[in-house]
Amino acid sequence: MIRKITLACLFLLAFNANAQQALPIYLDDTKPMEERVEDALSKMTTKEKIAMIHAQSKFSSPGVPRLGIPENWMTDGPHGIRPEVLWDEWEQASWTNDSCIAFPALTALSATWNRDMALLYGKNLGEEARYRNKNVLLGPGVNIYRSPLNGRNFEYMGEDPFLAGEMVVPYIKGVQSNGVATCVKHFALNNQETNRHGVNVIVDDRALYEIYLPAFKAAVQEGGTWAIMGAYNKYKGQQACHNSYLLQDILRDEWEFDGVVVADWGGVHDTKEAIYNGLDIEFGTWTDGLTWGRSNAYDNYYMAAPYLELIESGEVGTKELDDKVRNILRLSFRTTMDRNRPFGSFGTDAHAKASRIIAEESIVLLKNKNSLLPLDIKKHKKIAVIGENAVKMMTVGGGSSSLKVRYEVSPLDGIKNRAGNDFEVVYARGYVGDASGDYNGVVSGQNLKDDRSEAELREEALRVAKEADIVVFVGGLNKSDFQDSEGNDRKELELPYGQNELIRDLAKANSKFVYVNISGNAVAMPWEKEVPAIVQGWFLGTEAGNAIASVLFGDVNPSGKLTFTFPVQLKDNAAHALNAFPGDDEVTYKESIFVGYRWHEKQNIKPLFPFGHGLSYTTFKYSDIKADKATVSQDETLRVSVKVKNTGKRDGAEVVQLYISDTESSLPRPIKELKGFEKIYLKAGEEKTVTFSIAKEDLSYFDDKKHQWVAEPGSFKAIIGASSQDIKGDVRFTLK
Ligand code: BGC
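Computed from a prediction, not measured in an experiment: that's the story for all the values here.

Caption draft 1: Region of interest: the overall build of the protein chain. In terms of helices and strands, the protein chain carries 20 helices and 28 strands. In summary, the protein chain has a C-alpha radius of gyration of 27 Å against a globular reference of 27 Å for 736 residues, a match within 12%. Based on the C-alpha atoms only, the size of the protein chain along its principal axes is roughly 80 × 65 × 60 Å. Of all 736 residues assigned to the protein chain, the portion counted as buried reaches 63%. Summarising the internal contacts of the protein chain: among those between residues at least 6 apart in sequence, 76% fall at separations of at least 24. Put simply, the protein chain shows about 27600 Å² of open surface, and 50% of that area lies on carbon and sulfur atoms. Taking the average place of the 87 positive charges on the side chains of the protein chain and the average place of its 101 negative ones, the gap between the two points comes to 5 Å.

Below, the structure written as structure tokens:
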């Protein structure tokens, strides 16, 4: 018996050894990637190639079963892994094991100004995607915050291209370390939701290269993203998903991107453009599956049967098809066919913990008059929590980033958890905004219906406010249509549901008033002077309430900073001042490079809260700003350093910001631009030196006539600030 088994083992070993020898090149991961790609390609039929370049279900595209090349499975999205959907529908499939951990939305992540947080985020989110067997994560989004009305700003990383670029790189590295590709979106110029499939963006080359492209370029060249998603809008009259300028000239030729271009769902409109203009995989095209009477509606996709027919009739060749398949094969080798990729994990406590740490670091203390915060047991025994957003789940809704979560801690529950028996917490709703709570079949399970009249709700809130030692009002926006939500833009900068009046009255009823703003966008705060404390709370995911409580109670010293400007009124924002948002069939970015703080500074318009702003419970003193030389040549690096000391009694973190000002230039330039930042942790009394390296790229503008970046000799200033407006000092230097 034993002999028989031994013989069988020997036979198997020999068979394996043979199999090893016979391993085709494309399966041999010791071979160079391009050799493997060419080998696999050479073994494929035209039909197999065509199958690979379009969807077979809502979120998957075929592999080549005959060759053992797996399918590609995509998933939204930027801040959590979307629930499984039915094969052909948006509707959730009602699995019982797909409830994820929600991470803070990307506006929150960017507000940490901490690259390590972006890495932690990417690594944890990638683990969730990998466990669910997705090899492409549809995110992150890095479209620039142009108007506070864009419904999808909450999914992006703010108004500054440098900051977005710095934060996207570690996110990508974190996700891709799991063998899961990021699909950075939406490339490019997708800055409004109104008529998002039809609007043609007109933008000058300087704004394109200096403002709208840098974060994508960083994603490709520094992050090494394996996929990019085309946008819905048009540019130069061509859909972005098959746009020769964006995809061929810039992405492929200038940046040498070797990954996959995935169309946004339903973003393809033309077979020939899709063939020739750089698109690799088509998703989400609507077909009725009937008119053409095909068995599979997906055969009707632009890059399916119509493409094959063009090839078979000889009207188009197969060169482009091969290029597309090459890109897709590279994706397979990097993800599904990487034998060393980890297995991932899903919905774990470790992920929830990471999500909480990121959320805590992202919260921005906007105002704290007379140090009203943190909450103090000696003064604030009885806390009135008021407002719908104190209880409303925010992970369900908002469009494709909607999630089904393992759990979500509301601000009220977070505050109660933390308060324990030491504090008394009372709640009043104050107003009814959006009582709904379902999206694509995922239900929040909350019953937020409240039939009381506005007057009754108000009366209760005022009574509760008066009887408490302090009021924490949790309001802002939510994920319903025309708020922070995909598919529509907001209609106004104002807070909805009569919150302004309510806030004013409550702050009169109790002067110890804290406003916590839940949103992914700036809102108007006409009552700002009447309110002593304001906190920007974002959409914070699974641990939202606990993170907010940590900051309110001072367990965590706030260290987030704004990544976009809060204007006082809508017309203070460039796009609105120039009547250039939203467009319908066409939109012209009339403000050119003067987006966000660049506009406010040029026009000298004081914001409500500036870009880069955020307070702490401690204080920091900046000193000794100096440069290591007074003159630099084009290939030299200038080092600028500053000492920062924590002069308060609490440990805390500060985001030290470096802005560059080109004081003499032949082209118009912003007054200053962010070109460096470091987040440093300082114990009470501790001092550290922060050093920034400034190179040619940091001094350059994009010369649209020469079509190249130019660092023009002359004088510059390196400006150190705690925000774009809180300037601590500067040094001048000359570029030779
Ligand atoms: C969105 C994308 C998303 C895709 C798939 C589209 O409507 O614009 O961001 O990834 O749907 O859900």
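Caption draft 2: Expanded view of the pairing of strand β16 (residues 513-518). Of all 6 residues making up β16, 6 are buried, and the element is well covered by its neighbours. Judged by which residues are buried, β16 turns out to be covered on both faces: F513, Y515 and N517 on one side and V514, V516 and I518 on the other are all buried. For strand β15 (residues 470-476) and β16, the ladder comprises 6 bridges, and the chain directions are parallel. Bridged to V474 within β16 is V516. For the handedness criterion, the β-α-β arrangement of β15, helix α16 (residues 499-509) and β16 is classed as right-handed. As paired elements, β16 and strand β17 (residues 533-536) share 4 bridges and run parallel to each other. Considered in β17, the bridge of Y515 is made with I534.

Caption draft 3: Region of interest: the side chain of R82. Looking at the element boundaries, R82 is found in the loop between β2 (72-75) and α4 (106-111). A relative accessible area of 5% means that R82 is categorised as buried. Within the structure, the side chain of R82 is placed 3.5 Å from the backbone oxygen of S400, a separation counted as a polar contact. Leave out the neighbours within four places in its chain, and R82 touches F59, T75, D76, G77, W90, R132, S400, S402, L403 and N440.

Caption draft 4: Highlighting the side chain of H79. Along the chain, the position of H79 falls in the loop between β2 and α4. A polar atom in the side chain of H79 sits 3.3 Å from the backbone oxygen of S401. When sequence neighbours within four positions are dropped, the list of residues in contact with H79 reads I101, A102, F103, P104, A105, Y121, L125, F154, S401 and L403.

Caption draft 5: Structural detail: the site of the ligand. Inspection of the region around the ligand gives 15 residues, with D76, R152, H186, Y232 and D264 positioned closest. Between the ligand and K185 there is a distance of 2.9 Å, counted from an oxygen atom to a side-chain nitrogen or oxygen. At a separation of 2.6 Å, an oxygen atom of the ligand approaches a polar side-chain atom of D264. Summarising the interface, the protein chains cover 97% of the accessible area of the ligand, which totals 310 Å² for the free molecule. In terms of residue class, the shell around the ligand is made up of 6 nonpolar, 2 polar and 7 charged.

Caption draft 6: Expanded view of the UniProt feature "domain: Fibronectin type III-like" (unreviewed entry) in the protein chain. Feature annotation in UniProt assigns "domain: Fibronectin type III-like" (unreviewed entry) to the following positions: residues 654-724. Across residues 654-724, the secondary structure splits into 6% helix and 58% strand, with the terminal C-alpha atoms separated by 14 Å.

Caption draft 7: Up close: the sheet that holds strand β18 (residues 586-588). Strand order in the open sheet formed by 4 strands is β8-β7-β5-β18, with mixed pairing between adjacent strands. Whereas interior strands pair on both sides, the edge strands pair on one side only; in this sheet they are β8 (238-239) and β18. The pairing of strand β5 (residues 200-202) with strand β7 (residues 234-235) spans 2 bridges and is parallel. Its bridge partner being in β7, V201 is matched across the sheet by Y235.

Caption draft 8: Here's a closer look at the environment of K602. Counting through the fold element by element, K602 comes out in helix α19 (residues 597-603). Classification of K602 by relative accessible area gives partly exposed; the value is 40%. Put simply, K602 and V474 are 128 residues apart on the chain and 34 Å apart in space, counted from C-alpha to C-alpha. Setting aside chain neighbours within four positions, we find K602 in contact with F594 and I671. Of the polar contacts made by the side chain of K602, one reaches the side chain of Q603; its length is 3.0 Å.

Caption draft 9: The arrangement of the environment of D704 in detail. Along the polypeptide, D704 turns up in the loop between β25 (701-703) and β26 (708-710). Taking the relative accessible area as the measure of exposure, D704 reaches 28% and is therefore partly exposed. Placed 500 residues apart in sequence, D704 and D204 show a C-alpha to C-alpha distance of 8.3 Å. In this structure, D704 is in contact with D205 and R206, ignoring residues within four places of it in sequence.

Caption draft 10: Here's a closer look at the pairing of strand β22 (residues 652-662). For β22, a buried count of 11 out of 11 residues is recorded, marking the element as mostly surrounded by other parts of the structure. In this structure, β22 lies alongside strand β27 (residues 714-721), joined through 6 bridges in antiparallel fashion. Bridging from a neighbouring strand, I660 pairs with A718 of β27.

Caption draft 11: Quick look at the state of the cysteines. The final tally for this structure, using the stated rule, is 0 disulfides. Looking at C183, it has no disulfide partner, and the nearest cysteine sulfur is the one in C241, 9.9 Å off. Classification of C183 by relative accessible area gives buried; the value is 0%.

Caption draft 12: Representation of the pattern of salt bridges. Inspection of the entire model under this criterion finds 55 salt bridges. Of the charged contacts in the structure, one is a salt bridge between K43 and D39, with a shortest N-O distance of 2.6 Å. The closest approach of N and O atoms between K382 and E424, which form a salt bridge, is 4.0 Å. Separated by 42 residues along the polypeptide, K382 in strand β11 (residues 382-386) and E424 in strand β12 (residues 424-428) bring together distant segments of the chain. K382 sits in the buried class, given a relative accessible area of 18%. In the salt-bridge network here, residues are joined through shared partners; they are R152, E155, E193, R196 and E486.

What counts and how
Residues numbered from 1 in each chain as written. Predicted model: local features only at pLDDT ≥ 70, side-chain atom pairs only at ≥ 80, totals over all residues. Heavy atoms only, no water. Helix = DSSP H or I, 4+ residues; strand = E, 2+ residues; numbered from the N terminus. Rg over C-alpha atoms; globule rule 2.2 N^0.38 Å. Buried < 20%, exposed > 50% of the residue type's maximum accessible area, 1.4 Å probe, protein only. Contact = heavy atoms within 4.5 Å. Areas by Shrake-Rupley, 256 points an atom, 1.4 Å probe, with all protein chains shown as cover. Lys, Arg positive; Asp, Glu negative; His and termini not counted. Charge placed at Lys NZ, Arg CZ, Asp CG, Glu CD. Pairing = 2+ DSSP bridges. Right-handed = clockwise from strand over helix to strand, strands pointing away. Polar contact = N/O pair within 3.5 Å; in protein donor to acceptor, adjacent residues only side chain to side chain. Near = heavy atom within 4 Å. Nonpolar A, V, L, I, M, F, W, Y, C, P; charged D, E, K, R; others polar. UniProt positions renumbered as here; feature names shortened; annotations may be inferred. Disulfide = S-S within 2.5 Å. Salt bridge = Lys/Arg side-chain N within 4 Å of Asp/Glu carboxyl O.

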